[in-house]
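# Close look at the chain arrangement
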Amino acid sequence: MTASITRRTTAARSRIAAVGAIAVAGALILTGCGDQTEGGSATKEKTSDAPLFSKLPKKIQDAGVIKVGTDAAYAPMEFTEGAKIVGVDPDIAEALGKQLGVKFQFTSGTFDGLITSLETGRQDIAMSSITDNKKRQEGLDDKGAKIGKGVDFVDYFSSGVSLLVKKGNPENIKSLDDLCGKTVAVQRGTTYEDTFKAQAEKCGDKKLTIEAFDTDAEAQTRVKAGGAVADLNDFPVTAYTAKTSGGGNDFEVGGQQADVGLFGIAVSKENTQLRDALKEALDAIIKDGSYAKVLEKWNVKDSAVPSATVNAGK
């Protein structure tokens, strides 16, 4: 690429969760197995033989559940099949649950409300391909102003970003500089939107028009229809979409993957015990091989991290 793509770290896809309540839109999936009814032992059990159960906060031990906010429109990371939320993140969560002795209950909502849901206590964690960066850690907006408490991240996945263009790449889009004078589509509230905004400033009089949507699926539809020349996303998502949408006839990847960064499980800064338990559980599944099996299943093994880290994003 002739221009680097600033990924969801720094000034880019700060999927900075803007202020706004999370809109619950979608289904729940309880990763793992067991009785999920109100009277079932899965939600009432207060003891467990799982190796890291004792590391969890008492409240979560008693509930038997970790409530997870996600935006399930991001295949292969998290998406819906029927009434279930599936993908890389739910499968990693299921493996973590076996170490911790609790279920991970996923609820789908809009991405830009996920961090807010932690601040309000609606969710215990957010796991939705969220880029770990300093702005999110410190609760800052794009201009450095304080807008929230910030969150901690347990980093579990690495990824670069790529442009998604219409099949055949009729506009010959290979880099961000190729977008000047054109229209792009992107998911609202992401660092990808920030990247396009930064590029628009570089384009100057050769105006770059940005159309932002609630979901990435809507942005993809706009590109497919020819109303926009490109969408921007994480490479695993872009590659998966290009391979599967319309049997591989709708899209292709424009240019090369760039700017690798870290995805993290977001946790309230006040919930350090849960954060540390998740970190220990992640190290455990990396060690026992179950983490690698999940990544291999979804063909994203190149995105593996060698060990769990906390707030390692830049």
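What you are looking at is a predicted structure, and each value in this text was computed from that prediction instead of being measured.

With that settled, the discussion passes to helix H3 (residues 88-100). Under the 1.5 Å per step criterion, the end-to-end length of H3 is 18 Å for 13 residues, consistent within 8% with the ideal 18 Å. Within H3, 11 of the 13 residues are buried, which leaves the element mostly enclosed by the surrounding structure. Looking only at H3, the buried set comprises Val88, Asp89, Pro90, Asp91, Ile92, Ala93, Ala95, Leu96, Gly97, Gln99 and Leu100. Looking at the residues trailing H3, positive phi occurs at Gly101, about 75°.

Turning our eyes to something else, we now look at the layout of surface pockets. When its volume is computed, the largest pocket comes out at roughly 380 Å³. In terms of lining, the largest pocket is formed by 18 residues, of which the most central are Phe235, Pro236, Ala239, Asn299 and Val300. Residue assignment for the lining of the largest pocket shows that the elements contributing at least two residues are strand S8 (151-166), helix H8 (235-244) and strand S12 (251-268). Grouping the amino acids of the lining of the largest pocket by side-chain chemistry returns 8 nonpolar, 7 polar and 3 charged.

We now examine the side chain of Gln199. For Gln199, the position within the fold is in helix H6 (residues 191-203). Contact partners of Gln199, with chain neighbours within four places excluded, come to Leu176, Asp177, Cys180 and Leu208.

Take the sheet that holds strand S5 (residues 84-86) next. Read across the open sheet, the 3 strands follow the order S3-S4-S5; overall the sheet is antiparallel. On the outer flanks of this sheet lie strand S3 (73-74) and S5, each paired with one strand and no other. Where S3 and strand S4 (residues 78-81) come together, 2 bridges link them in antiparallel fashion. What sits directly across from Tyr74, in S4, is Glu78.

This part is about the nonpolar core. Judged by nonpolar contacts, the single largest core of 61 residues is most densely connected at Ile66, Ile92, Leu100, Phe104 and Leu179. Setting aside residues no more than four positions away along its own chain, Ile92 makes contact with Met127, Tyr156, Ile285, Tyr291, Val294 and Leu295. Core analysis: the second largest hydrophobic core is formed by 9 residues, Phe111, Ala126, Ile130 and Val151 among them.

On to the packing of H3 against helix H10 (residues 290-297). Across the interface, H3 lies against H10 with an axial gap of 10 Å and an inter-helix angle of 160°. When the axes of H3 and H10 are compared, the pair comes out roughly antiparallel. Every pair of crossing elements has a handedness; the one defined by H3 and H10 is right-handed. Contacts from Val88, Asp91, Ile92 and Ala95 in H3 reach Ser290, Tyr291, Val294, Leu295 and Lys297 in H10.

The next thing to look at is the packing of aromatic side chains. Counted under the stated rule, the structure contains 4 aromatic pairs. Here the aromatic rings of Phe79 and Tyr240 are separated by 6.0 Å at their centres, their planes lie at 45°, and the arrangement is tilted. Separated by 161 residues along the polypeptide, Phe79 in strand S4 and Tyr240 in helix H8 bring together distant segments of the chain. For Phe79, a relative accessible area of 10% puts it in the buried group. Plain terms: the ring middles of Tyr156 and Phe157 are 6.3 Å apart, the flat faces sit at 45° to each other, and that makes the pair tilted. Cluster of aromatic residues (ring-pair linked, three or more members): Phe79, Tyr240 and Trp298.

This paragraph deals with empty space enclosed by the protein. Leftover empty space is mapped by rolling, across the atoms, a probe with the size of a water molecule. Taken as a whole and judged by the stated rule, the model has 1 cavity of 30 Å³ or more. Considering only enclosed or pocket space, the largest cavity measures out at about 30 Å³ in volume. Along its surface, the largest cavity is lined by Thr110, Phe111, Asp112, Gln187, Arg188, Phe213 and Asp214. Its residues assigned to classes, the lining of the largest cavity comprises 2 nonpolar, 2 polar and 3 charged.

Moving on, we come to the state of the cysteines. As enumerated under the stated definition, the model contains 1 disulfide in all. Through a disulfide, Cys180 is tied to Cys203; the S-S separation comes to 2.0 Å. Measuring the twist about the S-S bond at about -80°, one finds the Cys180-Cys203 disulfide to be left-handed. Of the two residues, Cys180 sits in the loop between S8 and strand S9 (183-187) while Cys203 sits in helix H6, which places them 23 residues apart along the sequence. Note on Cys180: relative accessible area 12%, which makes it buried.

Low pLDDT means the predicted atomic positions in that stretch should not be read closely. Averaged over every residue, the pLDDT of the protein is 87; the share at 70 or more is 85%. Confidence drops under pLDDT 50 across residues 1-45; counting only partners more than four residues distant or on other chains, this segment forms 175 contacts.

We now examine the environment of Asp142. Secondary-structure assignment places Asp142 in the loop between helix H5 (134-138) and S8. For Asp142, a relative accessible area of 48% puts it in the partly exposed group. In this structure, the C-alpha to C-alpha distance between Asp142 and Thr191, residues 49 residues apart in sequence, is 9.6 Å.

Each value, and the rule that gives it
- Residues numbered from 1 in each chain as written.
- Predicted model: local features only at pLDDT ≥ 70, side-chain atom pairs only at ≥ 80, totals over all residues.
- Heavy atoms only, no water.
- Helix = DSSP H or I, 4+ residues; strand = E, 2+ residues; numbered from the N terminus.
- Expected span 1.5 Å × (residues − 1).
- Buried < 20%, exposed > 50% of the residue type's maximum accessible area, 1.4 Å probe, protein only.
- 1 Å grid on protein atoms, 1.4 Å probe; cavity = no way out; pocket = protein on both sides within 12 Å on 5 of 7 lines; lining within 4 Å.
- Points joined across faces, edges and corners; volume = space filled by probe spheres on them.
- Nonpolar A, V, L, I, M, F, W, Y, C, P; charged D, E, K, R; others polar.
- Contact = heavy atoms within 4.5 Å.
- Pairing = 2+ DSSP bridges.
- Core = buried A, V, L, I, M, F, W, Y, C linked by side-chain atoms within 4.5 Å.
- Axes fitted to C-alpha atoms, helices over the stretch in contact; angles between N-to-C directions.
- Parallel < 35°, antiparallel > 145°, perpendicular 65-115°, else oblique.
- Left-handed = near helix turned anticlockwise from the far one by under 90°.
- Phe/Tyr/Trp six-rings, centres within 6.5 Å; stacked < 30°, edge-to-face > 60°.
- Disulfide = S-S within 2.5 Å.
- pLDDT = per-residue confidence, 0-100.

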